[in-house]
Amino acid sequence: MAHLDTTTNAGQLLAAASGGRRRRGDRIFSNTAVIAAVTILALLAGVAVFLVSEGFPALTASSAELPGHESFISYVAPLAFGTALAGVLAMVIAVPLAVAVALFITHIAPARVALLLGFLVDLLAAIPSIIYGFWGIFVLGPAAVPAMKWLEEKLGWIPIFEGPASITGRTMLVVGMVLAVMILPIVSAVAREVFSQTPRKLQEGAQALGATRWEMIRTTVLPFGRSSVISGAMLGLGRALGETMAVAIILSVSGGVTFNLISQANPSTIAANIALNFPESSGLAINLLIATGLVLFVITLATNFLARWIIARAEVK
Amino acid sequence: MTPPPDSGLSGAPRRSIFAVEGGGGTLPSWAPYGAVAGSLVFCAAVLAALGWFTIALMLVFGALFSVLSIYAWSRAVEGRRRAKDRAVTMAIVASFGVAMAPLISLLYEVISRGAKGISWDFFTTTSRGVVGGGAAHAIVGTLVITGCAVVISVPIGIMAAIYMNEYGRGPLRRALTFFVDVMTGIPSIVAGLFAYALFELFFGPSIQLGIMGSIALSVLMIPIVIRSAEEVLKIVPNHLREAAYALGTPKWKTITKVVLPTAFAGLVTGVMLATARIIGETAPLLVTTGVVDSLNADPFQGRMQNLAVYAYNQYRSPGVMKQSAYDRAWAAALTLIVIVMILNVAARLVYRRYKTESR
């Protein structure tokens, strides 16, 4: 780096020596770059500022003004619960699968096909969310109906499978599965990155000691990648919390708070609630929806902060 | 380090990582495939006998049974540790299969269902004043909205990446790195609400314009462009910059004439992938661009339809001829997926070409 700095300085000196025209070009160009950088920070701040300013009327509105609800808190709380439930469910399903997929690509599949397999996993991330929504309601939901009926009959004593099982498949469990598919490529991309960076020395050392491949993975690859996998899971969670269209299309909503995953009556999520109600809303109802969007923004921001903080801490180590 | 006097290889009773337990034999090389095939046949036979046969159940039970059977077989012949290794390997391969199943099912369904709604009229007519009709207005809208988003995002994104890689130091650079990461996590609906709130403040309530959608999409696209551009700029070799400086080239000319051309294909790849990511967005456009039946190619005037929102509305309010509306929704989905796939594959091809050239 020091080497580069000297040459940079030399370049700047030469440029300075050869007259003002070049220096002006440099100044304009570097100022443009700084402006672009500042624009981005301003954009992010702008998102927060405009959501606050447009959501503010709903935050301060009296209970009489809000359509059918006592206060903003009692309106947003069940939605926040639904958002968290869907996100956590998706994460619980996706993370083990994503770790397995990452291990398969980095350590088990032949190196020649690994690249192609990685591309296929990335394609999962490229598919628009509305198509996941269609797939969930027309394909996965109906296919999951008999399975959910079985869960109700055999495991109904567990509160989350209490039922009565939905006959349309528009349940929280199906939403969780679809969201899991959507966040799997994100989590597995992070896991893949770190698994492939496991020091060769450690892996070869384990194998030289006679470890089988699984013992090598368990003793070197997994401990090395643990904190990155955790932060990858948080990034996936952030994505699942903000996912809109798939949830809006699939979930059959009643608004209550329940952990029951397989029934027809589910809590909605913040994002889906906005998408479903925004087109028909006006006046204070719009401010109310924007205020819930602000809550979602804060929740996902906190999740992402945490994830980045874990990554940063792992890198320092 | 001297080796331990008695290594487990000679059959010592001490349990260590060296120890070979069990029979010490080896399964034939076809053993995993044999276990999978045997398990599938066995499960198919049992399920058929019980009258529960479906492909999905056969695959699920077949996968479970494969893991168990390879474990039992290997344990008998090779010992506990090798058996565990084989079972875990089998389970990981099965998990990969589980993860890929949705992709295959989804592509199959979109293609088979979408093909029904695809026709010449679908691409050439609008749904203005007719029942059904085509999606030409939505396709034009998608291209205009996405095009504007690209025009906004690419200069800002690439200049910011240049700042981060070529100029940046100190707190602004650190803040930028951190907040770009944070920005990639903004939910798409929040980006839509931001664009709506921004325009509502200046133009009054219930405003809906194509350009609002583009701004919402830019919020999502800029961080992706920066991330990929930064990666590409980082791998431009320093000796190219140094050579340029040695010739007395000013920094801005070094960047525009040396660094950017070297990184060009990589930058194009990044922009194409970012475009593929935003072209199918629905939620932010639902709240910003509105719903309309007729063709509108002017992003600064009036509502604008796009493919994803079109598909959603065909599904949400199908009207009397429900099935044909669903067909159109799937056809729009198929069109979107084809565009996304073309962008993705083309991006990889550009990148591969670039990689061979840089050698």
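Chemist: It is not clear to me how the overall build of chain A should be interpreted in this structure. Could you clarify?
Modeler: Tallying secondary structure elements over chain A gives eleven helices and zero strands in all. Starting at the N terminus, the α and β elements of chain A follow one another as α-α-α-α-α-α-α-α-α-α-α. For chain A, the C-alpha radius of gyration of 25 Å lies well beyond 20 Å, the compact-globule estimate for 317 residues. Overall, the C-alpha framework of chain A stretches about 80 × 65 × 30 Å when taken along its three principal axes. Scored against the burial criterion, the 317 residues of chain A give a buried share of 47%. Look at the contacts in chain A between residues 6 or more apart in sequence, and 79% of them connect residues 24 or more apart.

Chemist: For this particular structure, what's the right way to read the interface of chain A and chain B?
Modeler: Interface extent is often summarised as the accessible area lost during association of the parts. If you look at the interface, chain A gives 80 residues, while chain B gives 78 residues. Broken down by element, the residue count for the side of chain A that touches chain B peaks at 21 residues, all from helix α2 (residues 20-60) of chain A. Its residues assigned to classes, the side of chain A that touches chain B shows 53 nonpolar, 21 polar and six charged.

Chemist: Can you help me understand the domain arrangement of chain B in this one?
Modeler: Residue and element names in this part refer to chain B. Annotation of chain B at the domain level lists domain 1 (22-117) and domain 2 (120-357). Between the C-alpha centres of domain 1 and domain 2 the distance comes to 40 Å. Contacts between the two partners involve six residues from domain 1 and, on the opposite side, eight residues from domain 2. Residue composition of the side of domain 1 that touches domain 2, grouped by class: two nonpolar, two polar and two charged.

Chemist: What's the story with helix α8 (residues 213-242) of chain A in this structure? I'm lost.
Modeler: Note: α-helices contain 3.6 residues per turn, so residues at a spacing of three or four share the same orientation. If you check α8(A), its first and last C-alpha atoms are just 38 Å apart, much less than what 30 residues at 1.5 Å a residue would give, namely 44 Å. In α8(A), a bend of some 55° at Arg226(A) exceeds every other bend along the element.

Chemist: Is there a simple way to explain the domain arrangement of chain A in this structure?
Modeler: According to the domain assignment, chain A contains domain 1 (2-51) and domain 2 (72-316). Spacing between the C-alpha centres of domain 1 of chain A and domain 2 of chain A amounts to 40 Å.

Chemist: How do you make sense of the environment of Met90(B) when you look at a structure like this?
Modeler: Residue and element names in this part refer to chain B. If you trace the backbone, Met90 turns up in helix α3 (residues 80-117). Under the C-beta neighbour-count criterion, Met90 is labelled buried, with 22 such atoms within 10 Å. A sequence separation of 109 residues divides Met90 from Phe199, and the C-alpha atoms of the two residues are 55 Å apart.

Chemist: I'm lost on helix α5 (residues 136-167) of chain B in this one. Help?
Modeler: Over its 32 residues, α5(B) runs 45 Å from end to end, which matches the ideal 46 Å to within 8%, given 1.5 Å per residue. Along α5(B), the helix axis deviates most sharply at Ser153(B), where the bend reaches about 25°; the proline Pro155(B) sits within four residues downstream.

Chemist: Would you take a moment to explain the confidence of the model for chain B for this structure?
Modeler: Parts of the model with low pLDDT should not have their predicted coordinates read in detail. All names here are of chain B. Summary statistics for chain B give a mean pLDDT of 84 and a share of 92% for residues scoring 70 or more. Within the model, the stretch residues 1-19 combines pLDDT values under 50 with 14 contacts to residues more than four positions away or in other chains. Here the predicted complex scores 0.87 on pTM and 0.86 on ipTM.

Chemist: Help me out: how do you make sense of the packing of helix α5 (residues 129-155) of chain A against helix α6 (residues 172-196) of chain A in this one?
Modeler: Each pair of packed helices can be described by the angle between their axes along with the distance between the axes. Residue and element names in this part refer to chain A. Where α5 contacts α6, the two axes come as close as 9 Å, and the packing angle between them is 135°. With respect to each other, α5 and α6 are oriented oblique. Both α5 and α6 take part in a crossing whose hand is right-handed. For the pair formed by α5 and α6, the contact residues are Ser129, Tyr132, Gly136, Leu140, Gly141, Ala144 and Met148 on the first element and Leu173, Val174, Met177, Val178, Val181 and Met182 on the second. Tallied by class, residues from the contact of α5 with α6 come to ten nonpolar, three polar and no charged.

Chemist: Could you clarify how one ought to interpret the environment of Val139(A) in this entry?
Modeler: Structurally, Val139(A) can be placed in helix α5. The exposure class of Val139(A) is partly exposed, given the 18 C-beta atoms found within 10 Å.

Thresholds applied
Residues numbered from 1 in each chain as written. Chains lettered and ligands numbered in written order. Predicted model: local features only at pLDDT ≥ 70, side-chain atom pairs only at ≥ 80, totals over all residues. Helix = DSSP H or I, 4+ residues; strand = E, 2+ residues; numbered from the N terminus. Rg over C-alpha atoms; globule rule 2.2 N^0.38 Å. Buried ≥ 20, exposed ≤ 12 C-beta atoms within 10 Å, placed from the backbone. Contact = placed C-beta atoms within 7 Å. Nonpolar A, V, L, I, M, F, W, Y, C, P; charged D, E, K, R; others polar. Domains from an automatic or database assignment. Expected span 1.5 Å × (residues − 1). Bend = angle between axes of the 7 residues up to and from the residue. pLDDT = per-residue confidence, 0-100. Axes fitted to C-alpha atoms, helices over the stretch in contact; angles between N-to-C directions. Parallel < 35°, antiparallel > 145°, perpendicular 65-115°, else oblique. Left-handed = near helix turned anticlockwise from the far one by under 90°.

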